[in-house]
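Remarks on the overall topology
One letter stands for each residue in the lines below.
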Amino acid sequence: MILVTGATGHLGSAAVSHLLKNTSAGNIVSFARDENKASILRGKGVEVRIGTYDDISSLDLAMQGIEKVLLISGNGPTRLQQHKNVVAAAKKAGVRHIIFTTIALKDMKTAALRPLMEDLYQAEDYIKQSGLTYTILRNTLYTGATPLFGGEKVIKTGINLPTGNGKVPFALRREMGEAAANALLQNGHENQTYQITGSDLYSYTDVANVLSTLSEKTVTYTDADPKTFPGRLKESGLPDIVVLLVTTFSEDVKNHQFEIVTKDMENLLGRKPASLKEGLKEVFSL
Ligand SMILES: NC(=O)c1ccc[n+]([C@@H]2O[C@H](COP(=O)([O-])OP(=O)(O)OC[C@H]3O[C@@H](n4cnc5c(N)ncnc54)[C@H](OP(=O)(O)O)[C@@H]3O)[C@@H](O)[C@H]2O)c1
């Protein structure tokens, strides 16, 4: 049986949807902390085991009879310990293979995101040292994060970000979930680290141009001043953690940290991932 954590979230639910198309619901177990959200999964015939990454006894119970685990990374300052708890419970229960989602950056050591994301690479190391068979999926920036970065009304307001000419191989969460599901279903991905990226690099000028074409409105990109940018976000009422995330993501985009393109996602999907245009069309329902 396969256990999918984070199955009430975007990526995990996409993985479960793809698994349901390719294996029986009886082979899938989801790990969720919210009974209400989990009822959708139960409705699809998927067994739900309730717990959290902090609750070791819930993890021990969740791992019973499981062969493979898809661990969707969590959030917050204690997530390294949370991820270690999941891995330790998997190891204890005799799980064969763990698949873990992290982030694709060129060089974590010099990344602006290092204080927020280094714990993901530390969890990768912990998994490798655990002796479990692993597959690491280093995911690039979601196309679906565009409304978070550019603002919900980005088509009206345009994009104002301090990203310069930096580029990103944007990819859809739906397809990243499908790729993760295929890593669970197929053989040959044992002890591999994949960079899950789209096939092409795009700047935020490209994002603005594609949004203009799709919406038939003029969407502009303006390179924001990195000095005043965090203050402006704060004034707009965004919580400090979102200000920090958007600022550091932007700095790393500008510094070309996201400019990684591989065929790993294409190989897992068995086709080319969605282009930026196809992705933005889906994200903005255009
Ligand atoms: N590459 C990118 O652009 C990007 C952007 C944002 C985030 N991320 C990372 O990728 C992960 C997956 O993305 P997503 O869009 O699927 O996020 P999401 O929709 O927020 O889903 C996260 C899932 O993890 C579950 N979860 C979080 N903490 C947990 C805990 N302590 N115990 C049990 N379950 C827990 C959540 O449960 P609930 O449903 O109960 O909340 C949810 O099901 C995120 O958690 C984050 O680490 C990547």
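Residues numbered from 1 in each chain as written. Predicted model: local features only at pLDDT ≥ 70, side-chain atom pairs only at ≥ 80, totals over all residues. Heavy atoms only, no water.

**Brief notes about the nonpolar core**
Among soluble globular proteins, nonpolar side chains are generally buried collectively. Heads up, the rule is: In this description, a nonpolar core means a group of buried Ala, Val, Leu, Ile, Met, Phe, Trp, Tyr and Cys residues linked to one another through side-chain atoms lying within 4.5 Å. Between buried and exposed lies partly exposed: a residue is buried under 20% and exposed over 50% of the maximum accessible area for its type, with that area taken using a 1.4 Å probe on protein chains only. Contacts: residue pairs with any heavy atoms within 4.5 Å of one another.
Grouped together as the largest cluster of nonpolar side chains are 89 residues, with contacts concentrated most on Ile103, Leu141, Tyr204 and Phe258. If we skip the residues at most four places from it in the chain, Tyr204 touches Leu141, Phe149, Ile159, Leu161, Thr163, Gly166, Phe170, Tyr221 and Val253.

**Quick notes on the sheet that holds strand S3 (residues 47-50)**
In plain terms, the rule: Think of it this way: DSSP has to see at least two bridges between two strands before they count as a pair. Runs of H or I in DSSP of at least four residues are treated as helices and runs of E of at least two as strands, each being numbered from the N terminus. Between the N-to-C directions of two axes lies an angle of 0 to 180 degrees, each axis being a line fitted to C-alpha atoms and, for a helix, fitted only over the stretch in contact.
The sheet built from seven strands is open, its strands ordered S3-S2-S1-S4-S5-S6-S9 with parallel pairing. For this open sheet the edge positions go to S3 and strand S9 (192-196), each flanked by a neighbour on one side alone. Between one strand axis and the next, the sheet turns by 20 degrees as a mean value, whatever way the strands run. Here strand S2 (residues 28-32) runs beside S3; their pairing, made up of four bridges, is parallel. Along S3, the bridge assignment pairs Ala32 with Ile50.

**Some remarks on the site of the ligand**
Worth spelling out the cut-off: Distances are taken per atom, and a residue is near a molecule or strand as soon as one of its heavy atoms is within 4 Å of it. Here a polar contact means two N or O atoms within 3.5 Å. Within protein one must be a hydrogen donor candidate and the other an acceptor candidate, and residues neighboring in sequence count only if both atoms are side-chain atoms. Note that accessible areas follow from Shrake-Rupley with a 1.4 Å probe, and for residues the cover is restricted to the protein chains shown. Think of a 1 Å grid over just the protein atoms. A cavity is a set of points where a 1.4 Å probe fits yet cannot get out, a pocket is an open set with protein on both sides within 12 Å along at least five of seven lines, and lining residues have an atom within 4 Å of a point. Here the criterion for a molecule occupying a pocket or cavity is that more than half of its atoms lie within 2 Å of the pocket grid points. Each residue is assigned to one class: nonpolar for Ala, Val, Leu, Ile, Met, Phe, Trp, Tyr, Cys and Pro, charged for Asp, Glu, Lys and Arg, and polar for all the others, Gly among them.
Close to the ligand lie 20 residues, the nearest being Thr8, His10, Leu11, Ser73 and Arg173. Contact distances for the ligand include 3.1 Å between an oxygen atom and a side-chain N or O atom of Asn75. Coverage of the ligand by the protein amounts to 82% of the 900 Å² it exposes when considered alone. Because more than half of its atoms lie within 2 Å of the grid, the ligand is assigned to the largest pocket. When the residues that make up the shell around the ligand are grouped by side-chain class, the tally is five nonpolar, ten polar and five charged.

**Comments concerning the pairing of strand S6 (residues 133-139)**
In plain terms, the rule: By convention, a crossover is right-handed whenever its connection, traced from the first strand over the helix to the second and viewed with the strands pointing away, goes clockwise.
Burial of S6 is extensive: six of the seven residues sit out of reach of the surface. This β-α-β element, strand S5 (residues 97-103) to helix H5 (residues 114-130) to S6, shows right-handed connectivity.

**Structural notes on the pattern of salt bridges**
What counts here: A side-chain nitrogen of Lys or Arg and a carboxyl oxygen of Asp or Glu constitute a salt bridge if their distance falls within 4 Å.
Inspection of every chain in the model, using the stated rule, returns 13 salt bridges. Put simply, Asp119 and Arg79 hold a salt bridge, and the shortest N to O gap is 2.9 Å. Placement of the pair is Asp119 in helix H5 and Arg79 in helix H4 (residues 79-93), with a sequence separation of 40 residues. With respect to class, Asp119 is no different from Arg79; both count as buried. Here the salt bridges share partners, and the residues they tie into one network are Glu175, Glu178 and Arg271.

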